[in-house]
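Per-entry structural report
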Amino acid sequence: MRCFLLIMLCFFCTTIQASPLSDMKSSSVTKGTQVLPLNQDAMFFFDYDGKFRSAFDFEHHTNNFRPLNEINKKPKMGIYSKWAYIKLNNSSDQKKWMMSFGFPRLAKLSVYKKTLYGWQDLLNLDESDPFSKRPIQDPQMYIPLDLDFGENIYLIEYQTFANAPANIRVHTPENFLKESHKSLITNASLTGVIAAILLIVLVNLFFNRNSTNVYYAAWTFLFFLIVVDTAGFSFQYFWPDHNAFSGQFSIFLMATVPLFHLLFVRGFLQLKHYHPTLNKVYCAFICLYAMLVPTALIINSVYFNLILSTVVIPVFVYTVTWSAKQKGPGMRTFTFSLINHLLFLNIFTIVGASYGNLIDVFDITSFIKIGYLIEVLLFTVALALQHKSLQSRLLSQLQHQVHALNQTVNTKHKEVNDKEVQLKEKEEKLFTDLSHELRTPLTVMKIQVESLQYNIVENVQDSYNKLMTKIDELNTFIDQLMLVTDDKDIASLLNKEPTNAKVYVNEVFQTCLSEGDPKTSKFSISNKLSDTVSITLDKQTIQNAVCEVVKNALRFGGEGVEISLNTHVHNDDLIIRIEDSGMPLSYEAHQQLFQPLFREEVSRSTLMGGKGMGLAVCKKIVESHNGKIESHNSLLGGLCIEISLPMDSKATIAVSQ
């Protein structure tokens, strides 16, 4: 009886400790099989601790093998080995087969086959081996398999880039050639398409040189290199004897491309002007990505870059929500491109496959190329729409300018010949006008003086009063004459006084509203100032400057113009922003917008409250308050003017508290 119990106990203990590999299902290749995926039936062991060194340690780790979907996956900084235990039942009529992994290169690959005498070492490749050591000279990683008829057991150790999952499959020689040719043609075509897009981007950069286009050109060029690298062309053709450098090159590309992507998105959306808070967030992430580029090359891993790309997902979600609400040209297409980047690259590729390893069977290189291709196409379309909108809005203005230039060319020769005569006529006219303005008061003053001299006036006091009145008129005229000179410092002529900024801005905006017609214009007002903000300024001149900008928007904005008036505090400055939906300006026009000769000369005599004030005079007024005025194109479609005025020091302290 004791022997029977002992035998039963041993039987149950043996059953409990039996390896999961004993009940493993075999994958079968038959006569009709062309390609067979192996991930579903194979058993895997992820060697996070590096204890499984070779097939000779297999017996110590058999209990650790599990189906791929049952493995407890852990994100790791370093690259670790993955072991695949594969049973292949060959019931076909051929022994020659090929195995693929879905990658152009593997950091390490070892293949063992089980025989009657143990494990037979078939292949060993690592990063020190050149491309010529590959058993099959193809840009993608393929290895030959000699399958015996019946059951074949293989043990495979492999390491992938960023520990991404491999798509292990076996192919017939015919299917291998078909897949190889298809992959070669597809990757070559994709490379050609990206090269064509890159050429378009470079041409656009040549004609539109700005930081946003520079970042986009750099980002597109990096994408081009990623396509070449993931296709296997870089390792095969550029540095076939330096496999380790090929891995460093891949790390550099994956660590650098998010940096230029963020720079381009920040520049396209003009976050510095339209969303300063989000702009600061982007600047912080850009700095972090820049610091992680050398870090990734030193530690030979993009682990921290993938973590940062996971953290940035909420920022992209908010950016998508915000950009979808903007009305600028190309914004909808740009929003779709951000959604594509968020899904394909951040969620599917990084979180799903590479960093998180949540998706077991995943052709990561294809998703990277598809995601980037869709994104670069949408980005290019968005830029094209933006440029097309700008060109169409400037077309009518260019036609007027061309007509004016034609007239200028026709009269230029005559103007050169008559230049001296015209200058002389202008001088004569100036002296004539000046003498005309001075003749009347001087004549009256002379008569009054002579009357007093010969004592022929009846009322001496009345004569003195008339004389003083004429003297006052003459002084007023001289003040006005001095005021219109370009080099006159008008700061001393201003009546500056401390003012509650919020109340004053509301009054100015209400005055601006009276300038428009509700039937032909639409205003939106936003005043986010605190009640404690104080500023010292000349109320009348600043109001005139703001109203002049609004009148320009009404005059050039067209029928149904939308005008946005808002104000806020930024870096101890009071910012007054006036935007319209009219016609945008070119880069050159923005550089000359506040020059006196850019538009028709405006009389400086109305500076202290008169009408007809120009943008050059507005600039002079703002600068006399130690402020500045800037212009750029608005997301509403037209022009945006920003007036920055320094606040009082006490008000700045109150706001910070």
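Predicted, not measured: the structure shown is a model, and the values here were computed from it.

Moving on, we get to the overall build of the protein. Regarding its fold elements, the protein presents 18 helices and 18 strands. Buried positions account for 45% of the 657 residues belonging to the protein. For the protein, restricting intrachain contacts to residue pairs at least 6 apart in sequence, the fraction spanning at least 24 positions comes to 75%. Accessible surface, the protein as shown: approximately 34800 Å² in total, 59% of it carbon and sulfur.

What follows covers the sheet that holds strand 17 (residues 628-633). With mixed pairing, five strands are arranged side by side in an open sheet as 13-15-16-18-17. The open sheet has two free edges, formed respectively by strand 13 (521-527) and strand 17, since each of these has just one partner strand. Pairs of neighbouring strands in the sheet enclose a mean axial angle of 15°, with direction left out of account. Pairing geometry for strand 16 (residues 573-580) and strand 18 (residues 639-646), over seven bridges, is antiparallel. Note that in strand 18 the partner of E579 across the bridge is C640. Against the sheet, helix 14 (residues 501-513) contacts strand 13, strand 15 (561-570) and strand 16, and its axis sits at roughly 180° relative to strand 13.

In this section: the pattern of salt bridges. Here the structure, examined in full by the defined rule, presents 10 salt bridges. The shortest N-O distance in the salt bridge between E548 and K551 comes to 3.6 Å. Taken together, the residues E548 and K551, both in helix 15 (residues 539-556) and three residues apart, mark about one turn of the helix. Residue classification places E548 among the buried residues on the basis of a relative accessible area of 4%.

Here we come to a nonpolar patch on the surface. On the surface, a cluster of nonpolar side chains totalling about 390 Å² of accessible area is made up of F336, I339, L343, I347 and F348. A relative accessible area of 32% means that I339 is categorised as partly exposed.

This part takes up the state of the cysteines. Within this structure, the stated rule accounts for zero disulfides. With no disulfide partner, C287 has as its closest neighbouring cysteine sulfur the one in C283, 6.7 Å distant. Assessed through its relative accessible area of 48%, C287 is described here as partly exposed. Of all cysteine sulfurs in the structure, the one in C547 sits closest to C512, which takes part in no disulfide; the separation is 3.7 Å. When its relative accessible area of 0% is taken as the criterion, C512 is described as buried.

The next thing to look at is the packing of helix 15 against helix 17 (residues 615-624). Between helix 15 and helix 17, whose axes approach to 10 Å, the crossing angle comes to 150°. Here helix 15 is positioned roughly antiparallel relative to helix 17, judged by the angle of their axes. Crossing handedness for the pair helix 15 and helix 17: left-handed. On the side of helix 15, the interface is formed by T541, I542, A545, E548, V549 and N552, while helix 17 contributes L615, C618 and I621. Partitioning the contact of helix 15 with helix 17 into residue classes produces six nonpolar, two polar and one charged.

Considering every residue of the protein, the mean pLDDT works out to 79; 75% of them sit at 70 or more. For the protein, helix 18 (residues 649-656) is the element with the lowest average pLDDT, namely 42, and strand 11 (residues 169-171) is the one with the highest, namely 94. In the model, residues 479-486 has pLDDT below 50 throughout and makes 13 contacts with residues more than four positions away in sequence or in other chains. With pLDDT under 50 throughout, residues 599-613 is counted as low confidence; its partners more than four residues away or in other chains account for 39 contacts.

A few words now on the side chain of H261. Its place among the elements puts H261 in helix 5 (residues 243-268). For H261, a relative accessible area of 2% translates into the label buried. With sequence-adjacent residues up to four places away left out, H261 is seen in contact with W219, F316, L338, H341, E375 and F379.

As a further point, take helix 17. With respect to burial, helix 17 is a largely interior element, seven of its 10 residues being buried. Regarding helix 17, the residues found buried are L615, V617, C618, K620, I621, V622 and S624. Taken together, the buried residues of helix 17 touch helix 15, strand 17 and strand 18. Just past helix 17, the residue N626 takes up positive phi, approximately 65°.

Here we take up the packing of aromatic side chains. Scanning all chains against the criterion turns up 25 aromatic pairs. An aromatic cluster is present here, built from F45, F52, F58, F65, W83, Y85, Y112 and W119 joined pairwise through their rings. Above the ring of F46, the side-chain terminus of K82 is found at 5.0 Å from the ring centroid. Here the guanidinium or amino end of R209 rests over the ring plane of F206, the centre of that ring lying 5.7 Å away.

Thresholds, definitions, all that
Residues numbered from 1 in each chain as written. Predicted model: local features only at pLDDT ≥ 70, side-chain atom pairs only at ≥ 80, totals over all residues. Heavy atoms only, no water. Helix = DSSP H or I, 4+ residues; strand = E, 2+ residues; numbered from the N terminus. Buried < 20%, exposed > 50% of the residue type's maximum accessible area, 1.4 Å probe, protein only. Contact = heavy atoms within 4.5 Å. Areas by Shrake-Rupley, 256 points an atom, 1.4 Å probe, with all protein chains shown as cover. Pairing = 2+ DSSP bridges. Axes fitted to C-alpha atoms, helices over the stretch in contact; angles between N-to-C directions. Salt bridge = Lys/Arg side-chain N within 4 Å of Asp/Glu carboxyl O. Patch = residues over 30% accessible without salt bridge, like charges linked within 9 Å, V, L, I, M, F, W, Y side chains within 5 Å. Disulfide = S-S within 2.5 Å. Parallel < 35°, antiparallel > 145°, perpendicular 65-115°, else oblique. Left-handed = near helix turned anticlockwise from the far one by under 90°. Nonpolar A, V, L, I, M, F, W, Y, C, P; charged D, E, K, R; others polar. pLDDT = per-residue confidence, 0-100. Phe/Tyr/Trp six-rings, centres within 6.5 Å; stacked < 30°, edge-to-face > 60°. Lys NZ or Arg CZ within 6 Å of the ring centre and 35° of its normal.

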